Amino acid sequence: MSAEIFEKVNQVLQDIEISSPSNTEELEAFRIKYLGSKNSIKPLFGEIRNIENERKKEFGQLVNAVKQAAEQKFSSAQDALESQSESASASDLDLSAPAEPFALGSRHPISITQNRIVDIFSRIGFTVSENREIEDDWHNFTAMNTPEDHPARDMQDTFYLQNSTEMLLRTHTSSVQARVMTKTQPPIRIIAPGRVYRNETISARAHCQFHQVEGLYVDENVSFADMKQTLLYFAQEMFGQGTKIRLRPSYFPFTEPSAEMDVSCFICNAEGCNVCKYTGWVEILGCGMVDPEVLDRCGIDSKKYTGFAFGMGVERQAMLLYGINDIRLLFENDVRFLKQFTSAL
Ligand code: PHE
């Protein structure tokens, strides 16, 4: 008799252990069945009088264990359901949760520097004129008064297209001067930013691709003084109002006279540092009066018009402004390098 009852109680215990209420309805059904006022454990306590004396204690302990198991199962199932609904409302329903921010990119230091240069010249009436990177020999060299035997035309310096002696990757933005002057009569006032290519060994200071900004101003009575004033304005807007400029005589086939322009070193305030090699000056561009021969070749009357032109490297200025000591960093697209740059332009 008592063995049967023991078996029945053990069965109830097992039922409790394997049950797993997984929603509020199941949990309530579980509560009513095992913990409610008419629960199925209560009557088991009444069975104790049918048990022989020696096993009464053992039976009592067993029924108590059943009751405890039911209470424990109920509270752990309740906790699980509560935390489930908490996390559901956090991820799906909490409309006040802050939004995930978008990861914004940053502008490339070359773009920032080039945009600054363009912006400065735009303010004094220069318009942007862009043109092709794959050029013909005439626009890149011949129109720019560069003789057939000039070393710049050598395969060593110029990338020619395969099997071509005619088509090449432009070696300077001066080719845009020819493009504009053959199409437009003065007044001409343009700047031409863009990428150029030279067959150079890549090092910390030189690359086979880089950027230039070309400037061209052609009209009646344009003078060397106009050029000087324009470039002084540029240098002071770019590097600070206290900046001084210095023009040194130089040579380019397409300008006469020609000059190279230095700005007072803005890193050491012209006191001498390793960037300016203790001279107080850093070179930033080439310039000069447009050679009358160039005007004529491009169909502009050199007796009526004069002009000035200049060309500057963008990498060099970016490196000076940001203290970058290796030009290769600008072309490697390492995001750890790139994300350091911010700009409104
Ligand atoms: N084209 C020259 C260069 O590549 C720069 C320059 C442009 C010089 C215009 C004078 C006038 O170095």
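Residues numbered from 1 in each chain as written. Predicted model: local features only at pLDDT ≥ 70, side-chain atom pairs only at ≥ 80, totals over all residues. Heavy atoms only, no water.

### What to know about the overall build of the protein chain
Here is step 1: For the protein chain, the count of helices and strands is eleven helices and nine strands.
Here is step 2: For the protein chain, whose C-alpha radius of gyration is 42 Å, the value lies well above the compact-globule estimate of 20 Å for 345 residues.
Here is step 3: When the backbone C-alpha atoms are referred to their principal axes, the protein chain occupies close to 130 × 50 × 35 Å.
Here is step 4: Every one of the 345 residues in the protein chain was classed for burial, and the buried ones make up 41%.
Here is step 5: Summarising the internal contacts of the protein chain: among those between residues at least 6 apart in sequence, 68% fall at separations of at least 24.
Here is step 6: In the form shown here, the protein chain has an accessible surface area of approximately 19,600 Å², with 50% of it arising from carbon and sulfur atoms. (Helix = DSSP H or I, 4+ residues; strand = E, 2+ residues; numbered from the N terminus. Rg over C-alpha atoms; globule rule 2.2 N^0.38 Å. Buried < 20%, exposed > 50% of the residue type's maximum accessible area, 1.4 Å probe, protein only. Contact = heavy atoms within 4.5 Å. Areas by Shrake-Rupley, 256 points an atom, 1.4 Å probe, with all protein chains shown as cover.)

### Overview of the site of the ligand
Here is step 1: Among the 14 residues in the neighbourhood of the ligand, the closest are listed as H172, S174, R198, Q212 and G311.
Here is step 2: In this structure, a nitrogen atom belonging to the ligand sits 3.1 Å away from a side-chain N or O atom of H172.
Here is step 3: Within the side chain of S174, one N or O atom sits 2.9 Å away from a nitrogen atom of the ligand.
Here is step 4: Protein coverage of the free-state accessible area of the ligand, which is 330 Å², stands at 89%.
Here is step 5: Elements with a contribution of two residues or more to the shell around the ligand: α7 (174–181), β5 (209–219), β8 (281–290) and β9 (306–313).
Here is step 6: If you tally residues by element for the shell around the ligand, the top one is β9, at three residues.
Here is step 7: For the shell around the ligand, the per-class residue count stands at five nonpolar, seven polar and two charged. (Near = heavy atom within 4 Å. Polar contact = N/O pair within 3.5 Å; in protein donor to acceptor, adjacent residues only side chain to side chain. Nonpolar A, V, L, I, M, F, W, Y, C, P; charged D, E, K, R; others polar.)

### Thoughts on the packing of aromatic side chains
Here is step 1: Following the criterion strictly, the structure yields 13 aromatic pairs and no others.
Here is step 2: Three or more aromatic residues joined by ring pairs form one cluster here, namely F121, F126, Y217, F234, F308 and F310. (Phe/Tyr/Trp six-rings, centres within 6.5 Å; stacked < 30°, edge-to-face > 60°.)

### Quick notes on the sheet that holds β8
Here is step 1: Pairing in this open sheet of seven strands is mixed, and the strands run β1-β4-β5-β9-β8-β7-β6 from one edge to the other. Unpaired on one side and paired on the other, β1 (127–128) and β6 (245–252) mark the two borders of the sheet.
Here is step 2: Bridge count for β6 against strand β7 (residues 255–264) is seven bridges, and the pairing is antiparallel. Bridge assignment links F252 to a residue of β7, and that residue is T255.
Here is step 3: Helix-sheet contacts for helix α5 (residues 109–122) involve β1, β4 (188–197), β5 and β9, and the interaxial angle to β4 is about 165°.
Here is step 4: Sitting on the sheet, helix α8 (residues 224–239) touches β6, β7, β8 and β9, and the angle it makes with β8 is about 150°. (Pairing = 2+ DSSP bridges. Axes fitted to C-alpha atoms, helices over the stretch in contact; angles between N-to-C directions.)

### What to know about the domain arrangement of the protein chain
Here is step 1: Here the domain parsing of the protein chain yields domain 1 (2–90) and domain 2 (109–341).
Here is step 2: Centre-to-centre separation of domain 1 and domain 2, based on C-alpha positions: 88 Å. (Domains from an automatic or database assignment.)

### Quick word on the side chain of S129
Here is step 1: Here S129 shows up in the loop between β1 and β2 (134–136).
Here is step 2: Overall, the relative accessible area of 16% leaves S129 in the buried class.
Here is step 3: Those residues in contact with S129, other than ones at most four positions away along the chain, are V176, V180, I190, I191, A192 and P193.

### What to know about α8
Here is step 1: Over its 16 residues, α8 runs 22 Å from end to end, which matches the ideal 22 Å to within 8%, given 1.5 Å per residue.
Here is step 2: Buried residues of α8: M227, T230, L231, F234, A235, Q236, M238 and F239, and no others.
Here is step 3: The elements touched by buried residues of α8 are α5, β6, β7, β8, β9 and α10 (314–322).
Here is step 4: Count one or two residues on from α8 and you reach G240, which has phi positive near 120°. (Expected span 1.5 Å × (residues − 1).)

### Description of the packing of α5 against α10
Here is step 1: Orientation of α5 relative to α10, taken along the N-to-C sense of each, is 105°, at an axis distance of 9 Å. Classified by the angle their axes make, α5 and α10 are roughly perpendicular. Each of P109, I110, I112, T113, Q114, R116 and I117 in α5 lies in contact with α10, whose residues at this interface are V314, E315, Q317, A318, L321 and Y322.
Here is step 2: When its residues are assigned to classes, the contact of α5 with α10 shows eight nonpolar, three polar and two charged. (Parallel < 35°, antiparallel > 145°, perpendicular 65-115°, else oblique.)

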